[in-house]
Structures are given as C-alpha cells and as structure tokens.
Amino acid sequence: MVEEREAKEIMKMAQCLYNKNLISPLRGGAISIRVGSLFLITNDDFSPLSISFKDLSLIDISSLEVIAGLSRPNKEYKVHALVYQNRSDVNSIIFGNPLYTTLFSASKEDIRSNIFAQGTELIKNIKKVSYATNSFVFAERVAEELYSTSVCLVENFGAFVAAYNINEASAILETLEKSAHMSAYILDVRLNNLNPLIGGGISYNDKVYAL
C-alpha cells in the first residue's frame with residue numbers, strides 16, 4: 001500500500017484508543033485519515049488488537065470509489081467522505097462508542113464539556129442526531145452537523161469526531177468521554193448547580209477554585 005505512513009498511524013491509533021476504552025475490541029469504531037483526494041478507513045470487522053493493512057480500505061473522497069481494500073468497506077464510510085468533501089480543514093475522523101459518551105447519546109441529558117479546562121479548549125459545541133438505517137440519509141445527517149463543529153453524537157450509537165489530524169481527533173474523543181463521565185457523576189450526586197468554567201477556574205457557591 002502506497003499510503004503506508006497513514007496506514008501505520010491508523011493502526012497505532014486503533015490500539016491506543018482500545019487501550020483507553022474509547023473503541024470496542026470488534027466493530028466498535030472507525031478511524032480514517034485524508035490522503036490527498038482519497039482517504040484511508042478501517043473496515044467493519046477490524047480488531048484493534050490485531051489490526052493490519054488488510055483491515056483498511058482506500059476510498060476516493062468525491063466518487064466514493066474503493067481504490068484498494070474491501071469492495072464493501074466500513075458501513076460509515078459515507079459519513080467520512082461527506083465530511084471530507086465539506087471541510088478542507090478536517091484530515092481525520094474517528095467514530096467511537098465509549099461507555100459514558102454512548103450513555104449520553106441515549107439520554108436527554110447533555111454532556112457538559114465546559115466544567116474543566118481541556119473540555120472548554122477542545123470541545124466548543126456538541127451536536128446530536130438520530131440514527132438512520134439508510135446509509136446516505138445517515139451520512140448527510142451527521143455531515144451536516146459536523147460542518148460547524150467537531151463532535152456529533154448519534155443517538156444510542158456513539159460519537160463522530162472530526163479534527164485537523166488523527167492525534168487531535170483522539171484528544172477530542174478522550175476529552176469527550178472524560179466530560180461525559182464527569183457529567184454523569186454530577187447528575188448522580190445532584191450537583192446540578194455547578195457553574196461553567198469562569199476566568200480559569202470553576203465557580204461554585206461564589207468561590208472560584210483554580211484548575
């Protein structure tokens with residue numbers, strides 16, 4: 001495969017995301033990288049524990065033609081293609097289904113990313129869409145939301161993250177899951193009056209605690 005460097009980046013990242021419980025051991029995620037007018041993406045049944053070149057497909061962004069790899073690649077490849085078509089600043093996309101993020105995807109509650117510094121920095125807005133069985137409808141639905149943000153939750157499914165490069169995408173997904181975990185704790189102990197990040201710290205009961 002000519003795109004060996006990008007392929008190795010994806011394989012390394014797959015193992016990293018699995019070790020951080022951000023993707024499942026089988027069919028629990030999708031990782032892609034833009035390669036000029038093409039993109040590399042993991043196939044549906046890849047395992048992060050044993051991922052290799054055969055687990056990747058190379059696809060044309062405009063025509064959706066499979067250049068190399070499986071004739072039927074990852075079922076979410078149309079989402080990736082549309083986002084790459086719409087946003088020249090996005091060079092990597094990750095779909096993951098970590099525990100707390102997926103919990104919030106199925107909930108009416110919102111993930112509060114503005115209660116710690118890294119969340120405020122990396123996540124500006126979180127969109128949510130419903131799942132669709134029609135792959136083109138689903139792709140258009142997610143891509144439309146990712147046109148103006150880096151994170152899109154899919155109800156009862158997981159989250160898509162779009163970023164400038166694969167390391168940034170990974171950082172956003174990890175921060176999203178951390179935010180979801182913190183949000184779940186806040187809801188559980190009924191600290192619903194916790195205020196957003198203000199002036200470099202958390203304001204609570206008229207006191208500001210530096211992070």
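Residues numbered from 1 in each chain as written. Predicted model: local features only at pLDDT ≥ 70, side-chain atom pairs only at ≥ 80, totals over all residues. Heavy atoms only, no water.

**Looking at the overall build of the protein**
Okay, so step 1: In terms of regular secondary structure, the protein is built from six helices and eleven strands.
Okay, so step 2: Scored against the burial criterion, the 211 residues of the protein give a buried share of 46%.
Okay, so step 3: Considering only intrachain contacts with a sequence separation of at least 6, the fraction spanning at least 24 residues in the protein is 59%.
Okay, so step 4: Surface summary for the protein: the accessible area is close to 10600 Å², and the carbon and sulfur share equals 50%. (Helix = DSSP H or I, 4+ residues; strand = E, 2+ residues; numbered from the N terminus. Buried < 20%, exposed > 50% of the residue type's maximum accessible area, 1.4 Å probe, protein only. Contact = heavy atoms within 4.5 Å. Areas by Shrake-Rupley, 256 points an atom, 1.4 Å probe, with all protein chains shown as cover.)

**Topic: the sheet that holds strand β4 (residues 66–68)**
Okay, so step 1: Taken in spatial order, the eight strands line up as β4-β3-β2-β1-β5-β8-β7-β6 in an open sheet, and their pairing is mixed. What marks the edges here is a single partner per strand, and that holds for β4 and β6 (126–129). Neighbour-to-neighbour, the strand axes of this sheet turn through a mean angle of 25°, independent of strand direction.
Okay, so step 2: Where strand β7 (residues 151–154) and strand β8 (residues 158–163) come together, four bridges link them in antiparallel fashion. Residue pairing across strands places V154 opposite G158, the latter belonging to β8.
Okay, so step 3: The strands that helix α5 (residues 135–146) touches are β6, β7 and β8; relative to β7, the one it contacts most, it runs at about 145°. (Pairing = 2+ DSSP bridges. Axes fitted to C-alpha atoms, helices over the stretch in contact; angles between N-to-C directions.)

**A look at the nonpolar core**
Okay, so step 1: If you look at the biggest cluster of nonpolar residues, it comprises 33 residues, and the most contacted ones within it are I10, L17, I31, L40, L173 and L176.
Okay, so step 2: Contributing elements (two or more residues each) for this core: α1 (4–19), β1 (29–35), β2 (38–42), β3 (56–60), β7, β8 and α6 (166–188).
Okay, so step 3: With seven residues, α6 is the single largest residue contributor to this core.
Okay, so step 4: Those residues in contact with I31 that sit more than four places away from it in its chain are I10, M13, A14, L17, L40, I41, T42, I93, I94 and I166. (Core = buried A, V, L, I, M, F, W, Y, C linked by side-chain atoms within 4.5 Å.)

**Describing the packing of helix α2 (residues 77–86) against α5**
Okay, so step 1: One way to put it is that α2 packs onto α5 with a least axis distance of 8 Å and a crossing angle of 40°. By the criterion of interaxial angle, the relationship of α2 to α5 is oblique. Considering only the axes of α2 and α5, their crossing is right-handed. Residues K78, V79, L82, V83 and N86 of α2 form the contact with α5, whose own contacting residues are S135, F136, F138, A139, E140, V142, A143 and L146.
Okay, so step 2: The residue inventory of the contact of α2 with α5, partitioned by class, reads nine nonpolar, two polar and two charged. (Parallel < 35°, antiparallel > 145°, perpendicular 65-115°, else oblique. Left-handed = near helix turned anticlockwise from the far one by under 90°. Nonpolar A, V, L, I, M, F, W, Y, C, P; charged D, E, K, R; others polar.)

**Things to note about the confidence of the model for the protein**
Note that predicted coordinates carrying low pLDDT should not be read in detail.
Okay, so step 1: Per-chain confidence: the protein averages 86 in pLDDT, with 86% of residues scoring 70 or above.
Okay, so step 2: By mean pLDDT, the top-scoring element of the protein is strand β5 (residues 92–96) (97), and the lowest-scoring one is strand β11 (residues 207–210) (38).
Okay, so step 3: Ignoring residues within four places in sequence, the model shows residues 200–211, a span with pLDDT below 50, making 28 contacts including any to other chains. (pLDDT = per-residue confidence, 0-100.)

**Concerning the side chain of E177**
Okay, so step 1: The residue E177 is located in helix α6 in this model.
Okay, so step 2: Although E177 lies buried, it forms no salt bridge, and the closest oppositely charged side chain, K178, sits 12 Å away as judged by the N-O distance.
Okay, so step 3: Apart from residues lying up to four places away in sequence, E177 is in contact with L22, P98, L99, Y100 and T101. (Lys, Arg positive; Asp, Glu negative; His and termini not counted. Salt bridge = Lys/Arg side-chain N within 4 Å of Asp/Glu carboxyl O.)

**As for the pairing of β1**
The side chains of a regular strand alternate, first on one face of the sheet and then on the other.
Okay, so step 1: Counting buried positions along β1 gives seven out of seven residues, so the element sits mostly inside the fold.
Okay, so step 2: The two faces of β1 match: G29, I31, I33 and V35 on one face and A30, S32 and R34 on the other face are all buried.
Okay, so step 3: Note that β1 and β2 share four bridges and pair antiparallel. Bridging from a neighbouring strand, S32 pairs with I41 of β2.
Okay, so step 4: Counting the residues in the hairpin turn of β1 and β2 gives two residues, including G36, whose phi is positive at 65°.

**Remarks on the packing of α1 against α6**
Okay, so step 1: Contact geometry of α1 with α6 gives a least axis separation of 11 Å together with a crossing angle of 15°. With respect to α6, the axis of α1 lies roughly parallel. Where α1 crosses over α6, the two elements pack in a sense that is right-handed. Seen from α1, the contacting residues are E9, I10, M13 and L17; seen from α6, they are I166, N167, S170 and L173.
Okay, so step 2: When its residues are assigned to classes, the contact of α1 with α6 shows five nonpolar, two polar and one charged.

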